[in-house]
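Residues per chain, in single letters:
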Amino acid sequence: MHNLRPDLKLIADMVEPGSRVLDVGCDDGALLDYLVREKEVDGRGIEISQKGVNDCVAKGLFVIQGDADNDLAEYPDGSFDYVILSKTLQAVHRPQLVLSELLRIGKHAVVTIPNFGQWKVRMSLALRGRMPVTKALDKTWYNTDNIHFCTILDLFDLIGELGFSVREFVPHTEAGKRLTLSPRRANWHADQALFLLER
């Protein structure tokens, strides 16, 4: 039995068994491995780090080295049922293009973000005058992969601009506890948020 991180388990629960799945930024392949073994998906992955690719291949997963900014264009329209982008959108150079590509090549996009609008982040910046370091945002400004600081409301705005629809919205804590909140309240309270998107 697999022990998934709580945020990855929330993603896995959204994916239908037997689906075609692309996990973009799949890291060590923990989620992809779970989906392949427990939900019998036809799973593929893209990972930018060689170590991550090696970890995935060692698990028997089909993963190539690449990045979301440049390599999604190689996939034909409608290649997958689900394209997953977990805590990666804030680290890409062109989030708008990446979101568009996710829903070009997939029927659904599952996107998760750390919420830079959460109250602890706001308070840390206001009181300390320095970029916050929290459990969800655990690196300092100079060694983080995050280059686009996004809140839940910011992502809702971008999704609307692109003309996509939010089929499901799951704000949650770092421990994976679901929060039943409106987007505005979730923007204040949630550490992270999960979006299931469709065209």
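## Remarks on the packing of helix H1 (residues 6–14) against helix H2 (residues 30–38)
Where H1 meets H2, the closest approach of the two axes is 10 Å, and the angle between their N-to-C directions is 35 degrees. Viewed along their axes, H1 and H2 form a crossing whose handedness is right-handed. Contacts from Leu 8, Lys 9, Ile 11 and Ala 12 of H1 reach H2 at Ala 30, Leu 31, Tyr 34 and Leu 35.

## Section: the packing of helix H5 (residues 95–105) against helix H7 (residues 152–162)
One can describe the packing of H5 onto H7 by two numbers: an axis separation of 11 Å at closest approach and a directional angle of 60 degrees. The orientation of H5 relative to H7 falls into the category oblique. Where H5 crosses over H7, the handedness of that crossing is right-handed. Taking contact as the criterion, the partners of Gln 96, Leu 99 and Ser 100 in H5 are, on H7, Leu 155, Leu 158 and Leu 162.

## Some remarks on the sheet that holds strand E5 (residues 106–114)
Spatial strand order, E3-E2-E1-E4-E5-E7-E6: seven strands in an open sheet with mixed pairing. Two strands in the sheet have a free side with no partner beyond their single neighbour: strand E3 (63–65) and strand E6 (165–172). Direction aside, the axes of adjacent strands within the sheet are offset by 15 degrees on average. Bridge analysis of E5 against strand E7 (residues 192–198) gives seven bridges, and the strand direction is antiparallel. Following the sheet pairing, Thr 112 is matched in E7 by Leu 194. Across the sheet, helix H3 (residues 50–58) is in contact with strand E2 (42–47) and E3; its angle to E3 comes to roughly 165 degrees.

## Considerations on the pairing of E5
Of all the nine residues making up E5, eight are buried; the element is thus mostly covered by neighbouring parts of the structure. For strand E4 (residues 80–86) and E5, the ladder comprises six bridges, and the chain directions are parallel. Paired with Phe 80 across the bridge in E5 is Gly 106. Taking the sense of rotation as the criterion, the β-α-β connection linking E4, H5 and E5 turns out right-handed.

## Side note on unusual backbone geometry
In this structure, Asp 27 is a non-glycine residue whose phi angle is positive, near 55 degrees. Tracing the sequence through the fold places Asp 27 in the loop between strand E1 (20–24) and H2. Residue Asp 27 is classed as partly exposed on the basis of its relative accessible area, which comes to 42%. Look at Lys 87: it is not a glycine, yet its phi comes out positive at around 50 degrees. For Lys 87, the position within the fold is in the loop between E4 and H5.

## Digging into the nonpolar core
The tendency in soluble globular proteins is for nonpolar side chains to be buried as a group. Leu 22, Leu 72, Leu 89, Leu 102, Val 111, Leu 155 and Phe 195 are the most contacted members of the largest nonpolar core, which has 33 residues in total. Of all the secondary-structure elements, those providing two or more residues to this core are E1, E4, H5, E5, H7 and E7. In terms of residues, this core owes the most to one element, H5, which gives five residues. Within the second largest apolar cluster, 18 residues are counted, among which are Leu 8, Ile 11, Met 14 and Leu 35.

Calculation rules
Residues numbered from 1 in each chain as written. Predicted model: local features only at pLDDT ≥ 70, side-chain atom pairs only at ≥ 80, totals over all residues. Heavy atoms only, no water. Axes fitted to C-alpha atoms, helices over the stretch in contact; angles between N-to-C directions. Helix = DSSP H or I, 4+ residues; strand = E, 2+ residues; numbered from the N terminus. Left-handed = near helix turned anticlockwise from the far one by under 90°. Contact = heavy atoms within 4.5 Å. Parallel < 35°, antiparallel > 145°, perpendicular 65-115°, else oblique. Pairing = 2+ DSSP bridges. Buried < 20%, exposed > 50% of the residue type's maximum accessible area, 1.4 Å probe, protein only. Right-handed = clockwise from strand over helix to strand, strands pointing away. Core = buried A, V, L, I, M, F, W, Y, C linked by side-chain atoms within 4.5 Å.

Bear in mind that shape data such as this cannot, by itself, settle questions of function.
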